[in-house]
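Letter by letter, the chains look like this.
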Amino acid sequence: MTNKKNNNQIDLLVDPVGQTLKQMTIPMIYGMILLMTFNLVDTFFVGLLGTQPLAAISFTFPITFTVISLTIGLGIGTSAVIARSLGKGDNKFAKCSGTSALILGAFVVGLLSFTGYLYTEEIFTLLGANKDLLPIIRDYTDYWFLGSVFLIGPMLGNSILRASGDTKTPSIVMGVGGIINAILDPIFIFGFGPIEAMGIKGAAIATLVSWLVGTAYILYVVGYKRQLIHTSLVFIKTFAQSSKAILHIGLPAAGANMLTPIAAAILTAIAATYGESAVAAFGVGSRIESIACLVVLAMSMTLPPFISQNFGAGNMDRVEEGYKTSVKFVIIWQVIIYALLVLIAPWIAEAFSKEESVAEIITLFIYILPLGYGLQGIIILTNSSFNALHKPMVALWLSIVRLFVCYVPLAYLGSELYGIEGFFVGGLLGNVVMALISYRLFAKQFDLNELDTKVVS
């Protein structure tokens, strides 16, 4: 691990807190705008194939997000371990940890995806997919599972870079990946020149290609250009030591992240009781949420390395300031986003579906759930902060309470009492309750006067 500061790096231990978080987050926002916008393009082109393909890809979201969540969890562990090591000045262990993370990620994600490939029909039957949808779902997931092993390159490679204070390169990787996916989508889905139309299968192949390109580039950057990882296999003892440190945070974080698609699967099953139109609309709404919350998601990637490096250096005042500054900003930002979504809701609904029943439910989704995205931001940033402070079990329990005590039960209760409207309102109330719990827990455990004695490594 080189000590020379790269032009894309920021000094997380010295630079002003607000300015540091701004400089780290803005590049991530640019990259995520491109990535998520072009992922929405994926949904848009599939939607042109009809309601059945749109419903099929909506059914796949909880499962594909399970794999992605596992990778995100490993990335959280990787970032926390490397950033803390850098804060302590242990560059050698940081480099070994980055190398071990990529090897570990390839094995774990490959194993999970292979299991999903073997049991595709059983999994989606449990989710409520009917027999007519299963072949369409299989066309998509077969290629998606095949390509998922290449997801670890961009995801974990970007975590290594962010831990060192570089958020510009990860934003470029995400943006380019999104552009490649968007260009290839219509070509592979509908055909172009000698390339035959492949339908929903083409969307999965476009994603596979974008991940493959991203992996090749990120390995070049972290392995050769920046020398943040070893370019050969590490010793077994070193691998075991690094992996243990990563998994200490990564496994609970991965577990917490994988709870989200499990909850989404339950919610999809509830939506399925209202028909294919509701499932299609809920799938579109989930992707709209990704765009609407992209600033929160960007900050959840940039705040942890800032906290972990300062935690390693013992700068706990900067930890608290960074958290509170982030929370205040996301509340104000998400109120603005909600107002914008309400204004353009009819146009969004019409763009994603020409069927009136689907468009009406998409509009209803936008009117209700985004009202709580700012509160959801508090929950996400609090979880990120606990992981960065090497308290992954606290973050895990917060996720369990959020999803299975607040969000899902209230959404189900609302659906039983007031139908699809109650389904959405229940989810909103779940975020309200959990945001209050999360912020109060942070205030209690991370009071500046108690941090030095209560935070343990």
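A quick note: this is a predicted structure, and the numbers were derived from the prediction, not measured. (Residues numbered from 1 in each chain as written. Predicted model: local features only at pLDDT ≥ 70, side-chain atom pairs only at ≥ 80, totals over all residues. Heavy atoms only, no water.)

## Structural notes on the overall build of the protein
- The helix and strand inventory of the protein stands at 16 helices and zero strands.
- With respect to the principal axes defined by its C-alpha atoms, the protein has extents near 60 × 50 × 35 Å.
- Burial status across the protein gives 57% buried among its 457 residues.
- Here the contacts in the protein between residues at least 6 apart in sequence split such that 81% fall between residues at least 24 apart.
- Only carbon and sulfur atoms are counted for the fraction: they give 66% of the accessible area of the protein, which is about 19100 Å².
- A distance of 15 Å separates the average location of the 26 positive side-chain charges in the protein from that of its 26 negative side-chain charges. (Helix = DSSP H or I, 4+ residues; strand = E, 2+ residues; numbered from the N terminus. Buried < 20%, exposed > 50% of the residue type's maximum accessible area, 1.4 Å probe, protein only. Contact = heavy atoms within 4.5 Å. Areas by Shrake-Rupley, 256 points an atom, 1.4 Å probe, with all protein chains shown as cover. Lys, Arg positive; Asp, Glu negative; His and termini not counted. Charge placed at Lys NZ, Arg CZ, Asp CG, Glu CD.)

## Comments concerning the confidence of the model for the protein
- For the protein, per-residue confidence averages 85 on the pLDDT scale, and residues scoring 70 or more make up 93% of the total.
- Of all helices and strands in the protein, the one with the weakest mean pLDDT is helix α16 (residues 451-454) (44), whereas helix α14 (residues 373-388) scores best (92).
- Note on residues 448-457: pLDDT under 50 across the span, and 19 contacts to partners over four residues away in sequence or across chains. (pLDDT = per-residue confidence, 0-100.)

## Looking at the packing of helix α10 (residues 276-292) against helix α13 (residues 356-368)
- In the contact formed by α10 and α13, the axes pass within 8 Å of each other and the chain directions differ by 40°. By the angle between their directions, the pair α10 and α13 is classed as oblique. Once α10 is placed against α13, the crossing between them reads as right-handed. Contacts between α10 and α13 pair S277, A278, A280, A281, F282, V284, G285, S286, I288 and E289 from the former with S357, V358, I361, I362, F365 and I366 from the latter.
- Across the contact of α10 with α13, the residue classes tally to 11 nonpolar, four polar and one charged. (Axes fitted to C-alpha atoms, helices over the stretch in contact; angles between N-to-C directions. Parallel < 35°, antiparallel > 145°, perpendicular 65-115°, else oblique. Left-handed = near helix turned anticlockwise from the far one by under 90°. Nonpolar A, V, L, I, M, F, W, Y, C, P; charged D, E, K, R; others polar.)

## Description of the environment of V342
- Assignment of secondary structure puts V342 in helix α12 (residues 316-352).
- Exposure remark for V342: the relative accessible area of 28% places this residue in the partly exposed category.
- In the structure, V342 is positioned 319 residues away from Q23 in sequence and 30 Å away in space, judged by C-alpha atoms.
- In this view, V342 contacts I366 and Y367; residues no more than four positions away in its chain are not counted.

## Details of the nonpolar core
- F59, F124, L267, I362, F423 and F424 are the most contacted members of the largest nonpolar core, which totals 87 residues.
- Top contributing element to this core by residue count: helix α2 (residues 51-88), with 12 residues.
- With residues near it in sequence (within four places) discarded, F424 still touches F282, I361, L364, F365, I368 and L369.
- Counting residues in each nonpolar core, the second largest holds 35 residues, with V17, M174, V330 and A435 among its members. (Core = buried A, V, L, I, M, F, W, Y, C linked by side-chain atoms within 4.5 Å.)

## A short note on the packing of aromatic side chains
- Using the criterion set out here, one finds 11 aromatic pairs in the structure.
- Centre to centre, the rings of W144 and F145 are 6.0 Å apart; their planes meet at 80°, and the pair counts as edge-to-face.
- Three or more aromatic residues link up through ring pairs in this structure, and these residues are F282, F365, F423 and F424.
- Cation over ring: R138 sits above Y117, and NZ or CZ is 5.1 Å from the ring centre.
- The cationic tip of R402 hangs over the ring face of Y407; the distance from NZ or CZ to the ring centre is 5.8 Å. (Phe/Tyr/Trp six-rings, centres within 6.5 Å; stacked < 30°, edge-to-face > 60°. Lys NZ or Arg CZ within 6 Å of the ring centre and 35° of its normal.)

## Description of helix α6 (residues 152-163)
- With 12 residues, α6 extends 16 Å from end C-alpha to end C-alpha; this agrees with the ideal 16 Å at 1.5 Å per step.
- Of all 12 residues that make up α6, 11 are buried, and the element is covered over most of its length.
- Residues of α6 that are buried: I152, G153, P154, L156, G157, N158, S159, I160, L161, R162 and A163. (Expected span 1.5 Å × (residues − 1).)

## Details of empty space enclosed by the protein
- If you walk through the whole model with that rule in mind, you get three cavities of 30 Å³ or more.
- By volume, the second largest cavity amounts to about 70 Å³.
- As for the second largest cavity, its lining consists of S58, F61, P62, A264, T268, V279, F282, G283, S286 and R287.
- Among the elements of the structure, α2, α9 (236-272) and α10 are those that each provide at least two residues to the lining of the second largest cavity.
- No other element matches α10, which puts five residues into the lining of the second largest cavity.
- Grouping the constituent residues of the lining of the second largest cavity by class yields five nonpolar, four polar and one charged. (1 Å grid on protein atoms, 1.4 Å probe; cavity = no way out; pocket = protein on both sides within 12 Å on 5 of 7 lines; lining within 4 Å. Points joined across faces, edges and corners; volume = space filled by probe spheres on them.)

## Some remarks on α13
- Its 13 residues give α13 an end-to-end C-alpha distance of 19 Å, which sits within 8% of 18 Å, the value for a rise of 1.5 Å per residue.
- Here α13 has its buried residues at V358, A359, I361, I362, T363, L364, F365, I366 and I368.

## Here's the deal with the packing of α2 against helix α5 (residues 134-147)
- It is the contact of α2 with α5, at a shortest axis distance of 9 Å, that shows an interaxial angle of 30°. The pairing of α2 with α5 is recorded here as roughly parallel in orientation. When you trace α2 past α5, the crossing you get is right-handed. Of α5, the residues touching α2 (which contributes Q52, P53, A56, I57, F59, T60, I63, T64, V67 and I68) are I136, I137, Y140, T141, W144 and F145.
- For the contact of α2 with α5, the residue count by class is 12 nonpolar, four polar and no charged.

## What about a nonpolar patch on the surface?
- Taken together, F329, I331, I332, W333, V335 and I336 make up a surface patch of nonpolar side chains, about 550 Å² in accessible area.
- Mapped onto the elements, I331 comes out in helix α12.
- Exposure remark for I331: the relative accessible area of 30% places this residue in the partly exposed category. (Patch = residues over 30% accessible without salt bridge, like charges linked within 9 Å, V, L, I, M, F, W, Y side chains within 5 Å. Salt bridge = Lys/Arg side-chain N within 4 Å of Asp/Glu carboxyl O.)

## A closer look at the side chain of S148
- Within the secondary structure layout, S148 lies in the loop between α5 and α6.
- Residue classification places S148 among the buried residues on the basis of a relative accessible area of 1%.

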